[in-house]
Every structure is written in C-alpha cells, then in structure tokens.
Amino acid sequence: MATCGAAAAVAAENVALASLLHSRCEPGTRRRFAISCSARPRNLSAHQKKKRGKNVAPKQLSSNTKVLLTSDENGQLPNTSSRTSIQPLQQGTSSSSEENTNGAIGQRDEKIAVIGNEQQEISKDTHFGSDFLLEDLGGIIQNIEKNILLLNQARLRAIEDVNKILTEKEVLQKEVYLLETKLSKPLAIEGNIDTNILISIFTELIILKEENMLLKADAQFLKAKLIELAEAEEFLFKFEKECSLLDGTVREIEYGFLIAQTDIWKLTPLECDIWMEKVENLQGMIGCLTNHVDKSVALLDKHSDLQDKIDEIEASVREGKTSEFSPYVVELLQQKLKAAKGRHQAGHQKTSNQTEVYRKLIEEIQKKLGNLIEKSDRTSVEHSVTDMPSEFWSHIVLMIDGWFLERKISNTEANILREMAWKRDDRICEAYFACKGTKESDVMEKFLKLTLSGNRHAISGLHIVHIAAEMAPVAKVGGLADVVAGLSKALRNKGHSVEIILPKYDCMQHDQITNFKVLDVVIQSYFDGNLFSNNVWTGTVEGLPVYFIEPQHPSKFFWRAQYYGEHDDFKRYSYFSRAALELLYQSGKKIDMIHCHDWQTAFVAPLYWDIYATRGFNSARICFTCHNFEYQGTAPAPDLSYCGLDVEQLDRPDRMQDNAHGRINVAKGGIVYSNIVTTVSPTYALEVRSEGGHGLQDTLKMHSRKFVGILNGIDTEIWNPSTDRFLAVQYSATDLQGKAANKAFLRKQLGLYSEDTSQPLVGCITRLVPQKGLHLIRHAIHKTSELGGQFVLLGSSPVPHIQSEFEGVADQFQKNNNIRLILKYDEALSHCIYAASDMFIIPSMFEPCGLTQMIAMRYGSVPIVRKTGGLSDSVFDFDDETIPIELQNGFTFDRADEQDLSGCLERAFSYYSRKPMVWKQLVQKDMQIDFSWDSPASQYENLYQSAVAQARGAAQAS
C-alpha cells in the first residue's frame with residue numbers, strides 16, 4: 001500500500017509539471033512532443049516500422065528510461081486520463097508480478113531503452129517553435145526523471161516485500177502439508193488399529209485427568225497443612241515469649257519480695273505507709289503474674305488440638321498421600337513435622353511445669369506477705385525508737401523550726417523540743433505516732449505538753465549549720481556538693497545536729513527532696529538599702545534537714561536555669577549569705593558552728609562578726625573551707641556595700657582588700673574573719689602558702705595557726721560497686737567477675753571493639769578546664785591508642801573554645817572503635833565507666849583534693865595521676881620503694897609534660913599485660929582502702945569542739 005501511494009504521488013507531480021509546461025507555451029503556437037506511448041500512431045520511417053514490427057510485447061522501463069511527452073497540434077498536452085498513459089511503467093509492474101524474475105525485468109528495460117532512443121531520434125526531426133523556452137523544458141524533464149527514479153525505487157521495495165510474503169507462504173504451506181500428513185496418517189491405517197487399544201488409550205487419558213485433579217486436591221491439602229504448621233510454629237513462638245515474660249515477672253517478684261523481707265526488719269513506724277504501698281505494688285505484680293499464667297493456660301487450651309493436627313499430617317505422610325511430590329518436598333515436610341512435634345511436646349511440658357511452679361510461688365508469696373503484714377501490725381507500735389532513721393528526726397526538727405518561725409510556739413518551747421529531738425528522745429517519737437493521722441495542731445499540742453516535764457537531758461553533740469551554694473544530689477556542679485553532703489552525714493552519724501541552708505534554685509533536683517514544703521512565714525533581709533522578703537522552704541535531703549531560701553527580689557537571683565556563671569554572681573551570693581544569717585538569727589537557735597564553703601558564702605564570716613554578733617547572735621563560731629583558691633570572688637570595693645558591710649572598714653590590706661587596686665576579695669575576708677580555715681588536702685594546704693595561693697599566700701601565712709588541710713572523703717554508700725544500681729552487674733574485691741561483665745557492657749554500649757577481652761580500658765571523668773591538664777589528656781588519648789588500649793572520656797567544658805576543641809578530637813576518632821569521647825556529664829554513665837575501666841587517668845596541673853581517684857580505686861580502677869595536691873595524699877606509686885608496700889596503690893608522674901605521662905602509662909600497661917596476678921592483687925587492694933568520711937569528719941569534729949570550747953571558756957571568763 002505504501003508503494004502504491006508513493007507512485008500515485010509521483011504521478012500527480014508529473015501531471016502538475018505537465019500543466020506548468022503548458023502554461024509556458026505561447027497561445028496559438030502548435031507544439032509537438034514525442035512520448036513513448038503505444039496508444040498513439042506515429043509517422044515512422046520504413047526502417048523504424050521494420051524494427052517496430054519485431055517488438056512482440058512491451059517491456060518494463062528501467063530506472064534510467066526517460067518518458068517523453070508529446071503535445072497535440074494545437075500545442076496542448078494530451079489528456080492524461082484518456083489519451084496519454086505511461087504504459088511501460090504500468091505494463092512493467094504487471095509483468096513483474098507475473099514473471100517474478102529479475103532477469104526478465106532487465107531484458108524488458110533494455111528493449112524499452114531502444115524504443116526510447118528511437119523516439120529521441122524522431123523527436124530530433126520534430127519542429128519546435130522558436131519561442132519555446134528550452135531551459136524550462138530541461139528543468140521539467142530533470143524533475144520528471146527524479147520522480148521516475150522514486151517510482152522505480154518504490155517498485156523495487158514492493159518487489160522485495162512480495163518476495164518475503166511468498167517465502168513465508170511457502171513455509172506455511174510446508175507446515176500445513178506436514179499437519180495434513182499427520183492427520184491423514186491415522187486415517188490411512190485406521191483399518192489396522194484395534195478398537196480396544198483406542199478405548200484403552202482414552203481410558204488412560206481419563207484416568208490421568210482424574211489423577212491430575214486428585215494431585216491438585218492433594219497439593220491444596222498439603223498447602224493447608226503447611227499453613228497449619230506455620231500457625232503452630234507461630235503459636236509456639238508466642239508461647240515461648242509468654243514463658244520468658246513469666247520468668248521475668250517471677251524474677252521481679254522474687255527480687256521485690258526479698259527486698260520487702262529484708263526491709264521489714266528495718267521497718268519504722270514512719271515508713272509504714274510507704275511499706276504498705278510497696279506491699280500493694282507487690283500484690284499487684286502477683287496479680288499480673290496470675291494473669292500471665294491464666295493467659296498462657298488459655299493459650300495452651302486454645303491450641304490443644306495442635307498435637308492431633310500434627311499426628312494427622314504425619315499419618316498422611318506415612319500413607320503415601322504425598323507420593324506424587326518430589327522426595328525433597330516429602331523430606332522437608334517430614335522434617336517440619338518432626339520439629340513441630342518436638343517443640344510442641346517440649347513447650348507443653350515446660351509450660352505445664354512452669355504453670356504449676358508459678359501457682360505454688362504465688363501462693364507462697366501471698367502467704368509470706370500476709371505474715372509480714374501481720375508482723376508489721378504487731379511491731380509498728382513496739383518498734384524501738386533507737387532504730388528510727390535520720391529522715392524521721394530531720395523531719396521532726398524542721399517541723400519544730402517551722403512552728404517557731406510561724407510564731408506558733410515560743411523560743412523556749414522550740415529550744416526544748418529541739419533538744420529532745422537532737423537527743424532522740426523516745427517521748428517525741430511516741431507523741432508523734434500517737435497523733436499520726438490527726439491535724440498538725442494536735443501534734444503540736446502533744447509536743448508542747450512534753451516541754452512541761454522537767455526531765456531534760458543535756459546534749460553532748462554540737463549544733464552545726466552548713467551554708468553552701470551546692471549539696472549533692474539536689475544541687476550539684478562539682479566536688480563541693482559531695483563534700484557538703486558527705487561531711488554532714490558523717491557528722492550526724494557522730495551524734496551532732498546538722499542542718500544545711502541552700503539557695504532555692506529553679507534548676508535543682510526537686511525529686512531528691514522529701515517533705516518539701518514552704519513555711520507560712522516571710523523572712524526579710526537587707527540588700528542595697530532595702531528590705532526584701534524571702535520565702536523559706538524545708539525538706540530532707542539524704543536524711544538531713546535542709547532550708548531553701550527563695551528571694552523575692554526583682555532580679556530573680558536564683559531563677560537563672562543554672563547555678564553559676566551569671567554576670568551578677570557577686571550580688572546573688574552576697575544576698576544569699578545575708579538572708580541565710582537572717583534566717584538563723586530569727587530562728588532563735590543556739591548555733592555552735594557555722595560552716596561556710598568557698599567564696600560564694602565567705603560573706604558569712606564578716607557579716608556574722610560585724611553585724612549579727614553585735615545583735616546578740618554570737619554563740620556560734622565560723623569555719624571557712626576553701627575548696628579551690630583559684631576562685632576567690634573579687635569585685636569593685638563599693639559592691640561590698642550591697643549586703644550591708646562597711647566598705648571603708650573592710651577595704652584594708654589586713655582585711656578584705658585585694659592585691660588589685662580598688663577591689664575587694666571575699667575569700668580573703670573568709671580567711672580573716674573565720675575561727676577555723678580549712679582546705680581539702682594537706683599537700684594543697686602547703687602549696688597554697690607558696691605560689692599556689694593565687695595571691696593569698698601571705699594572708700594564709702599570717703593566719704597559718706588556724707589553717708589546716710583535711711583530705712576529703714567519699715560517700716561509700718553511694719559509691720559502692722556491690723550495691724550500685726547503675727551497674728549492669730554488682731561486684732566486690734573478692735568477686736571481680738562482675739567488673740569484667742561491666743567492661744563488656746560498656747564496650748557494647750559505646751560501640752567499642754570487644755573481641756579482645758584483655759585489652760586495657762583507660763577512663764577519664766573530668767571538667768574540661770585548664771586546671772585538669774587538657775594537653776596531657778589529649779596526649780593520653782593518643783598514647784593509649786598507640787599502646788593498643790582503649791580510652792573513654794566523659795566530661796564537658798564551660799569554656800566554648802575548649803568544648804569546640806574536644807569536639808574536634810571526638811570527630812578525629814569517630815571511626816576509631818577504641819576511642820570514645822562523650823562531651824557531657826552523665827551520672828549513670830560515670831558509674832559504668834568507673835566500674836568498667838582498668839585504669840583511670842588524672843593529669844591535673846593542680847588538684848586541691850580530687851575525688852575521682854578515690855572513687856576509681858573503690859571500683860577497682862588503678863589511678864594514673866600527676867603528683868600534686870590531694871592526688872599526692874591519696875595515690876602512691878607502685879614502683880616507689882620508699883613507700884610502704886601496703887600504701888602503694890597506683891602510678892604517678894611529676895612533671896606536667898607528655899614524656900613523663902607516657903612513661904607512667906607504659907609502666908601501667910606493662911604490669912597489666914605481663915603480670916596479671918600482680919595487677920589483680922593491686923586492684924583488690926585499692927578496692928579495700930577506706931576513703932569514707934569517717935576519718936575526715938573526726939578531724940573536723942576535733943576542730944569544731946576545740947573552737948567551741950575556747951569560745952565557751954572565754955564567755956565564762958568574761
């Protein structure tokens with residue numbers, strides 16, 4: 001069709017060209033053109049007629065044949081539809097269809113070419129008009145030749161298509177012939193085929209069809225059974241999960257029961273409500289366990305036919321119903337059946353056993369709980385008052401102080417009740433529990449009746465008040481908080497009455513305070529020429545009575561979302577120091593010792609002697625402890641007047657004047673105006689009297705008789721690896737397997753390499769400040785990596801560029817699975833690092849005391865320290881023969897350079913890897929060293945008593 005269309009298009013173009021030729025001829029002029037058309041007669045010569053007579057049939061034009069047009073005598077082109085036709089082309093096309101050979105086409109083209117030449121000779125004799133444009137005729141002829149060429153090309157393509165069709169037709173005819181042959185063959189031999197054979201064949205076909213249907217049905221059956229097996233496996237998986245949940249619940253209940261059974265012997269009447277709440281929680285857990293058991297039994301009953309289903313499938317396999325499947329499928333099915341049967345039987349047996357055990361356990365726990373409750377009811381009234389916890393007595397003291405401050409009782413009544421509470425008088429306890437559940441006014445009335453009795457006991461202990469900016473765990477930034485809490489608890493345990501006064505920070509840990517409430521009283525204190533109100537909150541922290549002062553000042557001094565680092569810290573803490581003394585003054589208490597800490601509360605010393613002692617509040621003596629002489633609290637001298645101190649009297653070299661002109665030094669005022677001055681280690685006390693005093697060395701030398709260094713302790717109840725709740729596994733010096741387990745746990749938690757269990761782990765927990773030897777910490781990280789160890793750093797910096805610098809170090813080691821830097825503080829993680837580390841590095845430039853080395857040894861991590869300050873007083877080199885063997889507990893270096901640190905690390909690594917038994921003995925020795933507050937508290941107690949005795953002696957003499 002495409003070929004015919006192209007030919008028609010070319011023909012139409014030829015007609016258009018002919019029309020154009022006609023338009024170029026002059027009117028009236030007769031033109032004659034020769035055309036190779038057999039339909040028109042011609043005047044031929046005899047020779048030409050003879051040649052023409054020899055032509056038998058017209059042939060097809062070749063691609064090079066020219067078609068000549070002839071006009072009539074009037075000069076008009078002949079009618080192409082009736083008179084003129086390009087017969088050679090049409091006849092050639094017809095001939096090609098009939099003969100179907102290229103050779104014939106070539107011969108015909110040659111003959112047509114001869115005719116064309118003859119016509120050209122005739123055309124030479126033809127007379128043309130002189131006015132005919134020969135140039136235009138040549139162009140038209142060229143266009144016609146091009147069109148003829150296109151027609152020939154289309155014809156050739158049509159011939160090729162026809163040949164392809166004929167070839168395909170032949171192939172199809174052969175296939176048809178073969179099919180006809182196959183179909184006709186049975187007919188040809190039909191007479192030789194037995195009818196029975198045909199019937200047999202058809203019968204077999206029908207049987208095969210039926211078997212195929214059965215096979216399909218069996219496949220569906222097998223699919224259904226496999227689905228049932230999958231459901232059974234899913235049930236078994238759920239059942240095993242349920243069993244594991246039951247095990248966990250039972251372990252939790254057993255643990256809770258053991259705690260309850262242990263706590264019942266220490267139960268006090270104050271704790272009855274809390275204990276009963278625990279019992280109710282335990283009973284709720286038992287109920288939950290019962291529900292788990294019932295659920296498991298119901299789940300088991302729901303699938304009670306599982307065994308029948310398994311047996312049914314197994315029977316199907318044995319009977320050969322799956323014979324049509326491949327042996328592999330049958331074997332796989334048998335394996336699945338065997339596994340499902342085994343798991344079902346084992347799960348059923350295990351569940352039945354566990355269900356029975358759980359039911360018995362529930363009955364036993366419920367029975368024991370009933371006995372415990374009954375015993376608690378009997379002993380709650382008879383409980384010995386001597387077993388009452390410190391929290392109880394702290395609560396009583398705070399309650400009495402609140403009554404006095406709220407003007408509900410007199411000063412005399414308050415003092416009598418305080419003395420009874422400090423003495424732990426059993427009458428206080430009996431009166432409190434006799435009124436339990438009644439209004440507070442009834443309790444107060446009962447207490448006041450006790451003051452009428454003349455049987456009063458003398459108090460042997462001291463009344464000590466700590467005024468500080470921090471206390472662990474409610475408000476902690478550094479070691480100061482640990483010292484305030486630890487020392488206070490140790491002094492309380494020695495029979496002294498201890499109270500603490502803190503600012504009420506908005507960011508403190510309120511959940512660490514019990515019985516937290518605000519008193520119905522407002523304390524007014526002086527500041528910057530005005531009186532400002534203060535709310536007073538009370539609560540117990542670590543069993544100690546604590547007062548929290550909340551200033552109602554427009555500057556919102558302690559609503560800053562942080563403890564330190566504000567632009568007006570000098571004002572904030574001078575205000576707090578004045579308000580704390582005002583609280584003590586208005587409470588009417590007879591205080592023996594006021595202990596203030598660091599420059600933030602050093603204002604107390606000059607305020608007490610210059611203002612409050614003159615008002616009659618002069619029973620107390622002042623102890624000032626400076627935990628770090630680098631921080632001294634300097635400010636322009638006029639700022640001292642904010643809290644009411646006389647700047648003119650105090651801005652003197654022998655009082656509070658700083659070395660810098662025009663400034664005052666609060667820490668210096670604490671030294672000058674206190675009766676006792678302490679720092680946190682003996683070596684640091686020596687250092688600060690020389691170049692380590694940061695400008696206060698001369699003042700310390702002048703007051704050296706009242707200046708002493710006492711090594712801090714640690715709270716061994718909090719820092720105890722055998723009871724530490726933050727650890728994955730608790731352990732002790734006699735059982736170090738838990739330490740290895742904690743090491744593995746930390747490695748997994750931090751993504752450290754854990755294949756080599758013997759690879760040493762070095763820990764470092766510190767604030768990233770210049771004092772801590774930052775360049776040595778960086779070197780320790782690289783050196784540890786070089787020695788084949790692992791390093792974990794926990795800590796952050798308040799200095800932005802230092803924090804950024806260590807973030808860069810962390811990025812550098814991000815892909816190193818032996819180094820981890822956690823640039824924040826995380827209490828729980830710190831416990832884990834102490835327990836997991838083999839060594840603990842503290843390369844400080846100076847260290848007043850240091851607590852981390854003591855905690856590290858408590859957890860069996862051998863310290864590597866620079867000999868300075870408190871580190872020198874607590875860590876003694878393992879290779880130093882001048883030190884007794886029983887005191888050798890770590891590794892030390894002197895100079896603050898990388899070379900000394902590298903040598904120290906190499907020695908520690910050598911002992912760890914080459915002498916494991918020696919290392920184990922060192923670890924066990926370190927864990928058994930007593931770093932508790934007992935010894936430091938005794939030293940403070942002696943200082944307190946000496947100062948108080950001198951004061952009392954002076955008062956009696958006067």
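Bear in mind the structure is a predicted one, so any value in this text is a computation, not a measurement.

1. As for the pairing of strand 16 (residues 862-866)
Taking burial as the measure, the 5 residues of strand 16 include 5 buried ones, the bulk of the element. Because side chains alternate across strand 16, one face comprises the buried residues Val862, Ile864 and Arg866, and the other comprises Pro863 and Val865, equally buried. Bridging between strand 15 (residues 839-842) and strand 16 involves 4 bridges; their strand directions are parallel. Directly across from Ile841, in strand 16, lies its bridge partner Ile864. Note on the crossover from strand 15 through helix 26 (residues 852-858) to strand 16: the handedness is right-handed. In this sheet, strand 17 (residues 891-893) lies alongside strand 16 in parallel orientation, the contact comprising 3 bridges. Looking at strand 17, one finds that Arg866 is bridged to Phe893.

2. Concerning unusual backbone geometry
Note that the residue after Ala472, namely Pro473, is joined by a cis bond; omega there is 0 degrees. Looking at the secondary structure, you find Pro473 in the loop between strand 1 (463-467) and helix 14 (479-493). Its identity is not glycine, yet Lys556 carries a phi of approximately 45 degrees, on the positive side. Mapped onto the fold, Lys556 is located in the loop between strand 5 (544-551) and helix 15 (569-587). Phi angles above zero are rare outside glycine, and Asp598 is one such case at about 60 degrees. Its location among the elements puts Asp598 in helix 16 (residues 598-601).

3. Considering the environment of Ala637
Inspection of the secondary structure puts Ala637 in the loop between strand 8 (634-636) and helix 18 (647-650). According to the relative accessible area criterion, Ala637 is buried, its value standing at 5%. Considering only alpha carbons, one finds Ala637 and Ile664, 27 residues apart in sequence, at a separation of 5.0 Å. Non-local contacts of Ala637, meaning those with residues more than four positions away in its chain, are made with Val647, Asp651, Gly662, Arg663 and Ile664.

4. Some remarks on the pattern of salt bridges
Inspection of the entire model under this criterion finds 23 salt bridges. Across the pair Glu499 and Lys589 runs a salt bridge, and its minimum N-O distance is 2.8 Å. Of this pair, Glu499 sits in strand 2 (residues 497-503) while Lys589 sits in the loop between helix 15 and strand 6 (593-597); the two residues are 90 residues apart in sequence, bridging distant segments of the chain. For Lys589, a relative accessible area of 7% puts it in the buried group. With a shortest N-O distance of 2.5 Å, Arg778 and Glu805 are connected by a salt bridge. One end of the pair, Arg778, is in helix 23 (residues 774-786); the other, Glu805, is in helix 24 (residues 800-812), and 27 residues separate them in sequence. For Arg778, a relative accessible area of 25% gives the class partly exposed. Bridged by salt links that share partners, the residues Asp401, Arg418, Glu499 and Lys589 form one connected network.

5. Concerning the packing of helix 10 (residues 390-405) against helix 12 (residues 426-434)
Interhelical geometry of helix 10 versus helix 12 gives an angle of 80 degrees and a closest axis separation of 12 Å. By the angle between their directions, the pair helix 10 and helix 12 is classed as roughly perpendicular. Here Phe392, Trp393, His395, Ile396 and Met399 of helix 10 lie close against helix 12, whose contacting residues are Ile428, Cys429, Tyr432 and Phe433.

6. Things to note about the sheet that holds strand 15
As summarised here, the arrangement of the 6 strands in space is 14-13-12-15-16-17, forming an open sheet in which the pairing is parallel. If you trace the sheet from one side to the other, it starts and ends with strand 14 (819-822) and strand 17, each paired once. Ignoring which end each strand starts from, the neighbouring axes of this sheet average 15 degrees apart. Helix 23 rests against strand 12 (761-765), strand 13 (790-794), strand 14, strand 15 and strand 17 of the sheet, and its axis sits at about 155 degrees to strand 13. Against the sheet, helix 28 (residues 898-914) contacts strand 12, strand 15, strand 16 and strand 17, and its axis sits at roughly 165 degrees relative to strand 17.

7. Let's talk about helix 24
Because the α-helix completes a turn every 3.6 residues, residues three or four places apart line up on one side. Between its first and last C-alpha, helix 24 extends 19 Å over 13 residues, near the 18 Å set by a 1.5 Å rise per residue. Three or more residues of helix 24 are buried, namely Ile802, Gln803, Phe806, Val809 and Ala810. Taken end-on, helix 24 shows its buried residues confined to a sector of 115 degrees, consistent with a single buried face. Pointing more than 90 degrees away from the buried face of helix 24 are the exposed residues Pro800, His801, Asp811 and Gln812. Packed against the buried residues of helix 24 are helix 23, strand 13 and strand 14.

8. Section: the packing of aromatic side chains
Applying the stated rule across the entire model yields 34 aromatic pairs. Pairing Trp719 with Tyr834 gives two aromatic rings, centres 5.5 Å apart and planes at 80 degrees, and the pair type is edge-to-face. Of this pair, Trp719 sits in the loop between strand 11 (707-709) and helix 22 (737-750) while Tyr834 is found in helix 25 (residues 827-836), placing the two residues 115 residues apart along the sequence. Tyr834 gets classed as buried once you look at its relative accessible area, which sits at 3%. Grouping aromatic residues by their ring pairs yields a cluster made of Tyr505, Phe558, Tyr563, Tyr564, Phe570, Tyr573, Phe576, Trp599 and Phe603.

9. Brief notes about the pairing of strand 2
Across the 7 residues that make up strand 2, a large majority, 7, are buried. Alternating positions in strand 2 separate into two faces, Ser497, Glu499, Ile501 and Pro503 on one and Val498, Ile500 and Leu502 on the other, with burial throughout. The sheet contact formed by strand 1 and strand 2 spans 5 bridges and is parallel. Its bridge partner lying in strand 2, His463 is registered against Ser497. Traced from strand 1 through helix 14 to strand 2, the parallel crossover comes out right-handed.

10. Thoughts on the confidence of the model for the protein
Per-residue confidence for the protein gives a mean pLDDT of 79, with 65% of residues at or over 70. Note on residues 186-191: pLDDT is under 50 here. Beyond four places in sequence and across chains, it has 0 contacts. A low-confidence stretch, residues 264-271 (pLDDT under 50), is modelled with 24 contacts involving residues beyond four sequence positions or located in other chains.

11. Considering a nonpolar patch on the surface
Side chains of Ile201, Phe202, Leu205 and Leu208 sit close together on the surface and give an oily, nonpolar patch of about 410 Å² of accessible area. In this fold, Phe202 is placed in helix 6 (residues 195-263). The exposure class assigned to Phe202 is exposed, which follows from its relative accessible area of 52%.

12. Looking at the sheet that holds strand 10 (residues 676-679)
Spatially, 3-4-5-2-1-6-7-10-11 is the arrangement adopted by the 9 strands of the open sheet, whose pairing is mixed. Every other strand in the sheet has two partners, leaving strand 3 (514-527) and strand 11 as the edge strands with one partner each. Taking the axes of each pair of neighbouring strands and ignoring which way they run, one obtains an average angle of 25 degrees across the sheet. Here strand 3 runs beside strand 4 (residues 530-541); their pairing, made up of 9 bridges, is antiparallel. Residue pairing in the sheet places Val518 in a bridge with Trp537 of strand 4.

Rules and cut-offs
- Residues numbered from 1 in each chain as written.
- Predicted model: local features only at pLDDT ≥ 70, side-chain atom pairs only at ≥ 80, totals over all residues.
- Heavy atoms only, no water.
- Buried < 20%, exposed > 50% of the residue type's maximum accessible area, 1.4 Å probe, protein only.
- Helix = DSSP H or I, 4+ residues; strand = E, 2+ residues; numbered from the N terminus.
- Pairing = 2+ DSSP bridges.
- Right-handed = clockwise from strand over helix to strand, strands pointing away.
- Contact = heavy atoms within 4.5 Å.
- Salt bridge = Lys/Arg side-chain N within 4 Å of Asp/Glu carboxyl O.
- Axes fitted to C-alpha atoms, helices over the stretch in contact; angles between N-to-C directions.
- Parallel < 35°, antiparallel > 145°, perpendicular 65-115°, else oblique.
- Expected span 1.5 Å × (residues − 1).
- Arc of directions from axis to C-beta.
- Phe/Tyr/Trp six-rings, centres within 6.5 Å; stacked < 30°, edge-to-face > 60°.
- pLDDT = per-residue confidence, 0-100.
- Patch = residues over 30% accessible without salt bridge, like charges linked within 9 Å, V, L, I, M, F, W, Y side chains within 5 Å.
- Areas by Shrake-Rupley, 256 points an atom, 1.4 Å probe, with all protein chains shown as cover.

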